[in-house]
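Here are the chains, one letter per residue:
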Amino acid sequence: MSITINKNESYRMFDRIARCYDFVNLFISLGMHQGWRKKMMLHLPACKDQNVLDLATGTGDVAFTLARESRVAKVTGLDLSTGMLTVAGKKAINDDLDQKVRFIEGDAQHIPAKSQSYDAITISFGIRNVPNTSKCLADALRVLKPSGKMIILESALPRSRILRFFSLIHVRYVLPVLGWLLSGDPYAYRYLDKTIRTYPHGKDFLAMMVGVGFKNTGFQSLALGGVNLYWGEKQ
Ligand SMILES: C[S@@+](CC[C@H](N)C(=O)[O-])C[C@H]1O[C@@H](n2cnc3c(N)ncnc32)[C@H](O)[C@@H]1O
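Only a predicted model underlies this, so the values are computations on that prediction, with no experimental measurement involved.

Chemist: Looking at this structure, how should I read the site of the ligand?
Modeler: Near the ligand, the surroundings consist of 19 residues, among which Tyr 21, Ala 56, Asp 79, Ala 108 and Ser 124 are the closest. Between the ligand and the protein, one listed contact pairs an oxygen atom with a side-chain N or O atom of Tyr 21 at 2.7 Å. One nitrogen or oxygen atom from the side chain of Asp 107 is found 3.0 Å from a nitrogen atom belonging to the ligand. In the complex, the protein chains occlude 96% of the 600 Å² of accessible area that the ligand would expose alone. The set of elements that each furnish at least two residues to the shell around the ligand consists of α1 (10-17) and α2 (21-28). Broken down by element, the residue count for the shell around the ligand peaks at 3 residues, all from α1. The class makeup of the residues in the shell around the ligand is 9 nonpolar, 8 polar and 2 charged.

Here you go:
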């Protein structure tokens, strides 16, 4: 049996793997994801008492990293997967962060918030799963306050041909098998290969940010080009 998972339904796949997501993530990122999250924090605005939104929050790790920043007062984590949000909610209570972080179910393309509500918006390994990237970026721009920042972490393909070759072998063959063995779901991590190969990255992704109106955009390659950190500002 083969299953085709389209972007509209990708969050259902996360419902199935929610309980083992953090465990698999640790393996497939080789433990580097904590360092990437710290790099995201370097791009937060400088102001105090920030109200921050983490889109496609999953099991909430970026939301918790944000909550530990002294200049952040409140964090909202939004996701479409009830399963992922249930895990996130339990972690918030265990880590004593439930006063500062709240989780809501919602679509990153239709953010349930008034315009100009947030000082910063983050999205980590989520925007590739959202059906319409420009819609998500445009709605994020709407709910950002003037001078607010959007910070995005996403998979990419290295520029070097050799690294790109090994990276494709990794996402096409190694990750699906590893994901299957660790999560027990044979289809979950196959989806990564297709989306990582076809999703715009680097300057092409920045062009989408600029296209919806972000200013002062930029990006940094991490993990030998396998991951990109993007940022942009609302003027
Ligand atoms: C790979 S996980 C990333 C989770 C987390 N941000 C992290 O860095 O570990 C992708 C998440 O995107 C969520 N997602 C997919 N489509 C979405 C949408 N349209 N709106 C909100 N969340 C969505 C999925 O439910 C899933 O939790």
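Chemist: Please explain the pattern of salt bridges as it appears in this structure.
Modeler: Think of it this way: side chains of opposite charge can pair up when their charged atoms draw near. Within the structure shown, the criterion is met by 9 salt bridges. Between Lys 91 and Asp 22 there is a salt bridge, with the nearest N and O atoms lying 2.6 Å from each other. Here the residue Lys 91 occupies a position in helix α5 (residues 82-94), and Asp 22 occupies one in helix α2, the gap between them amounting to 69 residues. Note on Lys 91: relative accessible area 17%, which makes it buried. For Asp 61, the salt bridge goes to Lys 91, with nearest N and O atoms at 2.7 Å. You can see Asp 61 sitting in helix α4 (residues 61-67) and its partner Lys 91 sitting in helix α5, a full 30 residues away along the chain. Taken together, the shared-partner salt bridges connect Asp 22, Arg 37, Asp 61 and Lys 91 into one network.

Chemist: I keep staring at the nonpolar core and nothing clicks. Help me out?
Modeler: The tendency in soluble globular proteins is for nonpolar side chains to be buried as a group. One finds Leu 55, Ile 121, Met 150, Ile 152 and Met 209 to be the most contacted residues of the largest nonpolar core, which totals 27 residues. Of all the secondary structure elements, the ones that give two or more residues to this core are β1 (50-55), β4 (118-124), α6 (133-143), β5 (144-155) and α9 (203-212). Aside from chain neighbours lying at most four places away, what touches Met 209 is Leu 137, Met 150, Ile 152, Phe 214, Thr 217, Tyr 230, Trp 231 and Gly 232. Ala 67, Val 75, Leu 153 and Leu 229 belong to the second largest nonpolar core, which has 22 residues in total.

Chemist: Which parts of the structure should I look at to understand the confidence of the model for the protein chain?
Modeler: The predicted model of the protein chain averages 91 in pLDDT, with 96% of residues at 70 or higher. Contacts of residues 1-5 to residues separated by more than four positions or lying in other chains number 7 contacts, the stretch itself having pLDDT below 50.

Chemist: I tried to follow α9 on my own but got confused; where do I start?
Modeler: An α-helical segment advances 3.6 residues per turn. Residues three or four places apart therefore align on the same side. Every buried residue of α9 is accounted for by Phe 205, Leu 206, Met 208 and Met 209. Looking down the long axis of α9, one finds its buried residues gathered within 150° of arc, a one-sided arrangement. With respect to the buried face of α9, the exposed residues turned more than 90 degrees away are Lys 203, Asp 204 and Gly 211. On the buried face of α9, the contacting elements are α6, β5, β6 (215-222) and β7 (227-233). Once α9 ends, the next one or two residues include Gly 213, with phi positive near 120°.

Chemist: Any chance you could explain the packing of aromatic side chains here in plain terms?
Modeler: How two aromatic rings sit relative to each other is given by the distance of their centres and the angle of their planes. Under the counting rule described, the total for this entry stands at 8 aromatic pairs. Centre to centre, the rings of Phe 165 and Phe 166 are 5.3 Å apart; their planes meet at 75°, and the pair counts as edge-to-face. Accessibility expressed as a relative area gives 52% for Phe 166, which makes it exposed. Taken together, a centroid distance of 4.4 Å and an interplanar angle of 40° make the contact between Phe 205 and Tyr 230 tilted.

The rules we used
Residues numbered from 1 in each chain as written. Predicted model: local features only at pLDDT ≥ 70, side-chain atom pairs only at ≥ 80, totals over all residues. Heavy atoms only, no water. Near = heavy atom within 4 Å. Polar contact = N/O pair within 3.5 Å; in protein donor to acceptor, adjacent residues only side chain to side chain. Areas by Shrake-Rupley, 256 points an atom, 1.4 Å probe, with all protein chains shown as cover. Helix = DSSP H or I, 4+ residues; strand = E, 2+ residues; numbered from the N terminus. Nonpolar A, V, L, I, M, F, W, Y, C, P; charged D, E, K, R; others polar. Salt bridge = Lys/Arg side-chain N within 4 Å of Asp/Glu carboxyl O. Buried < 20%, exposed > 50% of the residue type's maximum accessible area, 1.4 Å probe, protein only. Core = buried A, V, L, I, M, F, W, Y, C linked by side-chain atoms within 4.5 Å. Contact = heavy atoms within 4.5 Å. pLDDT = per-residue confidence, 0-100. Arc of directions from axis to C-beta. Phe/Tyr/Trp six-rings, centres within 6.5 Å; stacked < 30°, edge-to-face > 60°.

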